[in-house]
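Structural characterization, general
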Amino acid sequence: MDRLRHLLHSLGPAMPHPRAMEALRAGLGAAVGLALTALALWLVNGSQPALMAHPLLIAPFGASTYLIFAVPNSPLAQPWSAVMGNTASALAGIALLQTGLPVLPTAALAVGLAVLAMASLRAMHPPGGAVALATVLAATPDHLPGWGFALFPVALGTLALVALGVIWNHATGRVYPFRQPAAPVPLPQSNTSLPATLLASTLSRLRLEANLGVADLARLIEAAESEALARKLGPITAASVMTRGPVAVPPEMALPALAALFRQHGFKNLPLRRADGSFGGLVSQLALVGLADPKLTAADLAEPLGVTVAPETALAELLRLTVEAEQQVLPVLDGQRLVGLITRSDMIALLSGHRPH
């Protein structure tokens, strides 16, 4: 009975429910992207044939659209994989059509050749198999697709989808194309770093390189270690780590007074507090280097607000921000009011065993 239950469970959904807004983001982007791709192909084709009747789209574009807009982090969805994978697969289908074999062996061999071509180009893109198959099945004895079919509409259409995917994903908070880390990935919670080459070789050994990118694996490891450390240390929040009542400067403080304040306290950053008590940015000590105009004020030198946290922000999130945020300190805001600062030194002290009391 347990085996049957396990079997039935393994046949069920393997993925968690996506967030409704994420599903809506991906679905709307896919629809807009495919429609605009059809328009682009129609314009390149000289406005013929009619757009509504013959949109010049091929069925595999639907699968490419899903990858680019719904799972933009996947290695299978990246621009090189999409454009080169679809194009090479179209060329594979066209090449096999030249042999004059019957349709069934031609279709099967075209898909197989497409897989080999994509693998050799490091451009694995599942819709490519459908491109090769569609190329063969769409051919008739009187009309075989020419080599130009791989360029138009396959390559050009895929390029349009990729370009629109870049715009849509960035506009809606996703990263595409997904940049792979060239430097070691820091894991401050264990004071170690993992080279990207090691992560890549691990994915290859486990045969997961087509499913998970190096950057995604690094983020997964970092998140898991952060969560593990947070559980070990207990329910620590920003309120228990931060430096309370930090020294802050008003917007009108002039450059000489700022310089004196930096020398007096040895700070690297000073928060700017407006007259109403709200936080107005950070003034970095480096921003004062080489300046001599006494008319300059803190408001002139303050950097954009950047990343801030709330007093209830959990330790795991603080660890993530300590790594990812480029700024040296994390301002802690209660609404708009500055209540504390968390420096990297604070986090190092915590990870070294100096728990806040």
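Quantities reported herein were computed from a predicted structural model and do not represent experimental measurements. (Residues numbered from 1 in each chain as written. Predicted model: local features only at pLDDT ≥ 70, side-chain atom pairs only at ≥ 80, totals over all residues. Heavy atoms only, no water.)

We now examine the side chain of Asn 269. Mapped onto the elements of the fold, Asn 269 is located in strand S4 (residues 269–273). Once you skip the residues sitting within four places of it in the chain, Asn 269 turns out to touch Phe 262, Val 283, Ser 284, Gln 328 and Val 329. (Helix = DSSP H or I, 4+ residues; strand = E, 2+ residues; numbered from the N terminus. Contact = heavy atoms within 4.5 Å.)

The next thing to look at is the packing of helix H4 (residues 79–97) against helix H5 (residues 103–120). H5 packs onto H4 with a crossing angle of 145° between their chain directions and a minimal axis gap of 8 Å. Every pair of crossing elements has a handedness; the one defined by H4 and H5 is right-handed. Where H4 abuts H5, its residues Gly 85, Ala 88, Ser 89, Ala 92, Gly 93, Leu 96 and Leu 97 lie against Thr 106, Leu 109, Ala 110, Leu 113, Ala 114, Ala 117 and Met 118. Its residues placed into classes, the contact of H4 with H5 shows 10 nonpolar, 4 polar and no charged. (Axes fitted to C-alpha atoms, helices over the stretch in contact; angles between N-to-C directions. Left-handed = near helix turned anticlockwise from the far one by under 90°. Nonpolar A, V, L, I, M, F, W, Y, C, P; charged D, E, K, R; others polar.)

One open sheet holds the 3 strands; their spatial order is S3-S7-S6, and the pairing between them is antiparallel. Looking along the sheet, the strands with just one partner apiece sit at the ends: strand S3 (243–244) and strand S6 (329–334). Relative to strand S7 (residues 337–343), S6 is paired through 6 bridges, and the arrangement is antiparallel. Bridged to Val 329 within S7 is Thr 343. (Pairing = 2+ DSSP bridges.)

It is worth spelling out the pairing of S6 at this point. Along S6, 5 of the 6 residues are buried, which leaves the element largely enclosed by surrounding structure. The hairpin turn running from S6 into S7, its antiparallel successor, is 2 residues long, and Gly 335 in that turn takes a positive phi close to 75°. (Buried < 20%, exposed > 50% of the residue type's maximum accessible area, 1.4 Å probe, protein only.)

On to the nonpolar core. Counting 16 residues, the largest nonpolar core has Ile 68 and Val 162 as its most contacted members. Elements supplying a minimum of two residues to this core: helix H2 (20–44), helix H3 (60–70), H4 and helix H7 (151–171). For this core, the element with the highest residue contribution is H4, accounting for 4 residues. When near neighbours in sequence (up to four residues on either side) are disregarded, Val 162 contacts Ile 68, Pro 79, Ala 82, Val 83 and Tyr 176. Within the second largest apolar cluster, 15 residues are counted, among which are Met 242, Val 309, Leu 315 and Val 332. (Core = buried A, V, L, I, M, F, W, Y, C linked by side-chain atoms within 4.5 Å.)

Let's shift gears to the pairing of S7. For S7, the buried fraction is high: 5 of the 7 residues fall into the buried class. Bridge count for S3 against S7 is 2 bridges, and the pairing is antiparallel. The residue bridging Thr 243 from the neighbouring strand is Leu 341, located in S7.

Let us look at the side chain of Glu 22. Positionally, Glu 22 belongs in helix H2. For Glu 22, the side chain forms a polar contact with the side chain of Arg 174, separated by 2.6 Å. Not counting residues up to four positions away in its chain, the partners in contact with Glu 22 are Ala 70 and Arg 174. (Polar contact = N/O pair within 3.5 Å; in protein donor to acceptor, adjacent residues only side chain to side chain.)

This brings us to unusual backbone geometry. Between Phe 152 and the following residue, Pro 153, the backbone shows a cis peptide bond with an omega angle of 15°. One can find Pro 153 in helix H7. Cis geometry marks the peptide bond from Tyr 176 to Pro 177; its omega dihedral reads 0°. Secondary-structure assignment places Pro 177 in the loop between H7 and strand S1 (185–187). Positive phi values are uncommon outside glycine, yet Arg 122 reaches one of about 55°. Its location among the elements puts Arg 122 in the loop between H5 and helix H6 (127–137).

The next thing to look at is the pattern of salt bridges. The final tally for this structure, using the stated rule, is 3 salt bridges. Arg 25 is the salt-bridge partner of Glu 22, the closest N and O atoms lying 3.0 Å from each other. Of the two residues, Glu 22 and Arg 25 are both situated in helix H2; the distance of 3 residues between them amounts to about one turn of the helix. The pair Glu 22 / Arg 25 is uniform in exposure class, with both members buried. The partner of Asp 334 in a salt bridge is Arg 337, and the shortest N-O contact between them spans 3.4 Å. With a relative accessible area of 45%, Arg 337 lands in the partly exposed category. Ionic contacts of the salt-bridge type, sharing partners, join the residues Glu 22, Arg 25 and Arg 174 into one network. (Salt bridge = Lys/Arg side-chain N within 4 Å of Asp/Glu carboxyl O.)

Now for the confidence of the model for the protein chain. Counting all residues, the mean pLDDT for the protein chain is 83, and 83% of those residues have values of 70 or more. Within the protein chain, H4 carries the highest mean pLDDT (97), whereas S1 carries the lowest (45). With pLDDT under 50 throughout, residues 181–192 is counted as low confidence; its partners more than four residues away or in other chains account for 30 contacts. (pLDDT = per-residue confidence, 0-100.)

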